[in-house]
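These are the residues of each chain, in order.
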Amino acid sequence: MKARLNRQLFEETIFDSGALGLTTSVVHQFAEPGVYAASVRRIGVHVGVFEFEVRGDATEMQLDINLAAVDRGERENDCDCGPQRGLPVVSPKGYVLFHATSGGGWSVHVGEGKKKAFDSERLTAGDMFALTLLEPTKYRMENALGGAKGTIDVSFSPADAKRLSSLQPVIVTLKSGFAPEALKLVATQGLVFRVEAEARIVISRHGRRDPEPARGPFHVQRPRIAEPRAKKAAR
Amino acid sequence: MPNLTIAASEDSFKRMFNAIRDNFSFADADSIDFGPFTAGYDIAFHLENGDVDLRADNTVKIDELDIKWDKLDLSLGIDIPRKCIGGWCIIPSPFGCILRFPRICLFDDDPDIEVTLPLGGITSEVSLTGRLVMRHFDNPARPPGMHAWDAQDAAPSLASEWRLFIDDPVVDIDPIDIADTVGDLLEAAVNAAIDNLLFFLPGWARDIAKAILGPVIDLIRAILDLPDDIQEWISDLLNVSFGLLDIIAQFIIDYFGDKTPLATIEDPYPLLPATTNPNNFGPSMLIPVKVPIRRLAVFNTDVEMVLEADIG
């Protein structure tokens, strides 16, 4: 079996709550029961709709919606549990997590009827932005809808490699500023922003990427000429 | 009482043995699916040395015959489980996790890696014991009714012959003794295979990917169900699971006992070759003098090999 490596994991440099990628998710709690239609967009362009139901008697506390699957016309969360067969359900006390298994630039707008219930490009109090950073380097974080700024320093050492599975996520609160403002993480460690003010959180790589080790000069040698040169011949 | 008796010294017998020993070569390759992994071998060896002893009990023993491994490659195909990151808890509670981050996998499927361990460069030993035997070989290509003399004159020869073998030898072969550095060799090979799988990633990403995959040798240990002693595990794989010892022993038995004669004697045996007629009469050439060998027996003492023939 020739398995393909998920290269996107290692290529992302900007992590934006309003433009989701492979390692970012936004979480919203839909407290009002009802059927919701989520309009999925990619780089601002509508690509599909996903419906789900928030129901008082539902026991499901988490509903994951894969925005990339909506774009592909797939329905990963179909079930027999709603009054409208095939509609996934979640409890009003539960959470809907929007993520994408491929691509980037995903956003979602959810309305109940005509009322806008959630806009991933404009997070509000109670929402969460969760992500994981892989590349060990320095990052800037900012709230694009406010003035909050901060830094993240991601490291990775041979000692860290042995404790990846035991790393606990770091929780950051965003109100008028990030608390804490400066974070130290280990690559792959979880990072959760609890949003308490209107926000669009953008994390971008700030540190320079270490150059790859030199592979040595590339030698080109002219083919040797067997015949004597004209000068020598003249002597 | 035999009509003809020929004896060959032990040294002559050794020269005959050395000649066929030097023509010996063996090569084989196979693989077996063990479920969580596949294993294969690709081997080639020849024979060297050997202490030839004609014994008083009418047997021949060849001791300390060296199996020189020209190639002894063991390949392991391993299906690495798909490894993922994420899955950590976003909202914990005393009753368990309420909300989890999705899992993101390194590969879209279980990746396969194949490592080849070059285990050659070692020497194994084999010994064989048996009685000598002469067997009559009737050339199967010879048409029915063709006279023996015409068969000898045919090109290629269709002659029958007597062949000298070691009859159904008993072969004792030492287990293939793998160097104790094989654990390091396996670890290096697996690391190289993983690097090859991730070759296009920058160094930092490769380190992280390898960390996500887990300590590689531990992972491989789990997949292969390796005991602490990798050397013994690989020896068992070669010797027992593949049955290489049986395969090699059978090939040696067939080679010396049936396929490759130590010596051959034409039947009928040319006592005098064709020659020009020295007389002033008759044909210009005299035909060869040949005697059919009705029975040819062989035995040995501790100093010589003796052939006894009944002719006519």
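The model shown is predicted, which means the values in this text are computed figures rather than measured ones.

**Student:** Kindly report on the overall build of chain A, identifying the contributing residues and their values.
**Tutor:** Helix and strand counts for chain A stand at four helices and 17 strands. Residue burial in chain A is summarised as follows: out of 235 residues, 36% are buried. If you take every contact in chain A between residues at least 6 apart in sequence, the share linking residues at least 24 apart comes to 66%.

**Student:** Tell me about the overall build of chain B, residues and numbers included.
**Tutor:** Of the regular secondary structure elements, chain B holds seven helices and 18 strands. Buried positions account for 24% of the 312 residues belonging to chain B. Across chain B, contacts joining residues at least 24 apart in sequence account for 67% of those joining residues at least 6 apart.

**Student:** Talk me through the sheet that holds strand β7 (residues 95-99) of chain A; I want residue IDs and the actual numbers.
**Tutor:** Residues and elements named next belong to chain A. Taking strand neighbours across the sheet as the criterion, the seven strands line up as β5-β7-β2-β10-β16-β13-β14 in an open arrangement whose pairing is mixed. Among the strands making up the open sheet, the edge pair consists of β5 (62-66) and β14 (178-179). Where β5 meets β7, five bridges bridge the pair, whose relative direction is parallel. Considered in β7, the bridge of Gln62 is made with Tyr95.

**Student:** Break down helix α4 (residues 203-213) of chain B for me, with residues and values.
**Tutor:** Those residues of α4 of chain B that sit buried are Ala205, Ile208, Ala209, Ala211 and Ile212 of chain B. Axial view of α4 of chain B: buried residues confined to an arc of 160°, hence all on one face. The inward-facing, buried residues of α4 of chain B contact α1 (8-11) and α3 (158-161) of chain A together with β5 (84-86) of chain B. The first or second residue beyond α4 of chain B is Gly214 of chain B, which carries a positive phi of 95°.

**Student:** Requested: an account of the environment of Ile43 of chain A, with residues and values cited.
**Tutor:** All names here are of chain A. Structurally, Ile43 can be placed in the loop between β3 (34-42) and β4 (45-54). A tally of 11 C-beta atoms within 10 Å means that Ile43 is categorised as exposed. C-alpha of Ile43 to C-alpha of Ala19: the two residues are 24 residues apart in sequence and 7.2 Å apart in space.

**Student:** So, the environment of Thr132 of chain A: which residues are in play, and what are the values?
**Tutor:** Relative to the helices and strands, Thr132 of chain A resides in strand β10 (residues 128-132). C-beta crowding within 10 Å serves as the criterion here: with 24 such atoms nearby, Thr132 of chain A is assigned to the buried category. Between the C-alpha atoms of Thr132 of chain A and Thr23 of chain A, which are 109 residues apart in sequence, the distance is 5.7 Å. Those residues within four positions of Thr132 of chain A in sequence are excluded, and the remaining contacts are Thr23, Thr188, Gln189, Gly190 and Leu191 of chain A together with Ile85 and Gly86 of chain B.

**Student:** So, the pairing of strand β11 (residues 160-173) of chain B: which residues are in play, and what are the values?
**Tutor:** All names here are of chain B. When strand β10 (residues 123-137) meets β11, the two strands line up antiparallel, connected through 11 bridges. Along β11, the bridge assignment pairs Ser127 with Asp172. Relative to strand β12 (residues 263-267), β11 is paired through five bridges, and the arrangement is antiparallel. Within the sheet, the bridge partner assigned to Glu161 lies in β12 and is Glu266.

**Student:** Describe in detail the sheet that holds strand β11 (residues 138-143) of chain A, supporting the description with residues and values.
**Tutor:** All names here are of chain A. Strand order in this open sheet of five strands is β1-β17-β11-β12-β15, and the pairing throughout is mixed. Taken across any chain shown, the strands that pair with only one partner, and hence form the sheet edges, are β1 (14-16) and β15 (182-186). On average, each strand axis in the sheet is inclined to that of its neighbour by 20°, with strand direction left out of account.

**Student:** I'd like a description of the interface of chain A and chain B, backed by residues and values.
**Tutor:** Many authors give the size of an interface as the accessible area that is lost as the parts come together. Facing the 34 residues of chain A at the interface are 28 residues of chain B. Looking at the side of chain A that touches chain B, the elements with two or more residues in it are α1, β2 (24-28), β5, β7, β10 and β16 (190-195) of chain A. Counted by class, the side of chain A that touches chain B contains 21 nonpolar, eight polar and five charged residues.

**Student:** How would you sum up the nonpolar core? Please name residues and give values.
**Tutor:** If you look at the biggest cluster of nonpolar residues, it comprises 125 residues, and the most contacted ones within it are Leu67, Val96, Met128, Phe129 and Leu133 of chain A. Examining the composition of this core, we find that eight residues originate from one element, strand β4 (residues 60-79) of chain B, more than from any other. Residues contacting Phe129 of chain A, with those up to four places away along its chain left out, are Ser17, Val26, Leu123, Phe193, Val195 and Ile201 of chain A.

**Student:** Account for helix α7 (residues 244-259) of chain B, with residues named and values stated.
**Tutor:** Residue and element names in this part refer to chain B. Among the residues of α7, those classed as buried are Leu244, Ile248, Ile252, Tyr255 and Phe256. Projected down its long axis, α7 shows its buried positions confined to an angular sector of 75°, all on one face. Of the residues in α7, the exposed ones pointing more than 90 degrees away from the buried face are Asp246, Gln250, Asp254 and Lys259.

**Student:** Report on unusual backbone geometry, specifying residues and quantitative values.
**Tutor:** For the peptide bond that leads from Ala179 of chain A to Pro180 of chain A, omega is 0°, which places it in the cis range. By the secondary structure assignment, Pro180 of chain A is in the loop between β14 and β15. Of note, the amide linkage connecting Asp267 of chain B to Pro268 of chain B takes the cis form, showing an omega dihedral of 0°. For Pro268 of chain B, the location among the structural elements is in the loop between β12 and β13 (269-272). Backbone geometry at Asn58 of chain B places phi at a positive 70°, although glycine is not the residue there.

**Student:** Break down the confidence of the model for chain B for me, with residues and values.
**Tutor:** Reading fine detail from the predicted coordinates is not recommended where pLDDT is low. Residues and elements named next belong to chain B. Averaged over all residues, the pLDDT of chain B is 88; the fraction at 70 or higher stands at 98%. Looking across chain B, the model is least confident in helix α5 (residues 216-224), with a mean pLDDT of 72, and most confident in helix α1 (residues 10-22), with 94. This prediction of the complex comes with two scores: 0.66 for pTM and 0.84 for ipTM.

**Student:** Outline the confidence of the model for chain A, supporting the account with residue identities and numerical values.
**Tutor:** In this model, chain A carries a mean pLDDT of 85, and residues with pLDDT of at least 70 account for 81%. The model gives residues 213-225 of chain A a pLDDT under 50, and that stretch makes one contact with residues more than four places away or in other chains.

**Student:** Describe in detail the packing of helix α3 (residues 182-197) of chain B against helix α6 (residues 230-241) of chain B, supporting the description with residues and values.
**Tutor:** Any two packed helices are characterised by the angle at which their axes cross and by the distance between the axes. Residue and element names in this part refer to chain B. In contact at an axis separation of 8 Å, α3 and α6 are set at 85° when each is read in the N-to-C sense. Here α3 lies roughly perpendicular to α6, going by the angle between them. Contact residues: Val182, Gly183 and Leu186 in α3; Ile230, Gln231 and Ile234 in α6. When the residues that make up the contact of α3 with α6 are grouped by side-chain class, the tally is four nonpolar, two polar and no charged.

The rules behind these values
- Residues numbered from 1 in each chain as written.
- Chains lettered and ligands numbered in written order.
- Predicted model: local features only at pLDDT ≥ 70, side-chain atom pairs only at ≥ 80, totals over all residues.
- Helix = DSSP H or I, 4+ residues; strand = E, 2+ residues; numbered from the N terminus.
- Buried ≥ 20, exposed ≤ 12 C-beta atoms within 10 Å, placed from the backbone.
- Contact = placed C-beta atoms within 7 Å.
- Pairing = 2+ DSSP bridges.
- Arc of directions from axis to C-beta.
- Axes fitted to C-alpha atoms, helices over the stretch in contact; angles between N-to-C directions.
- Nonpolar A, V, L, I, M, F, W, Y, C, P; charged D, E, K, R; others polar.
- Core = buried A, V, L, I, M, F, W, Y, C linked by C-beta atoms within 7 Å.
- pLDDT = per-residue confidence, 0-100.
- Parallel < 35°, antiparallel > 145°, perpendicular 65-115°, else oblique.

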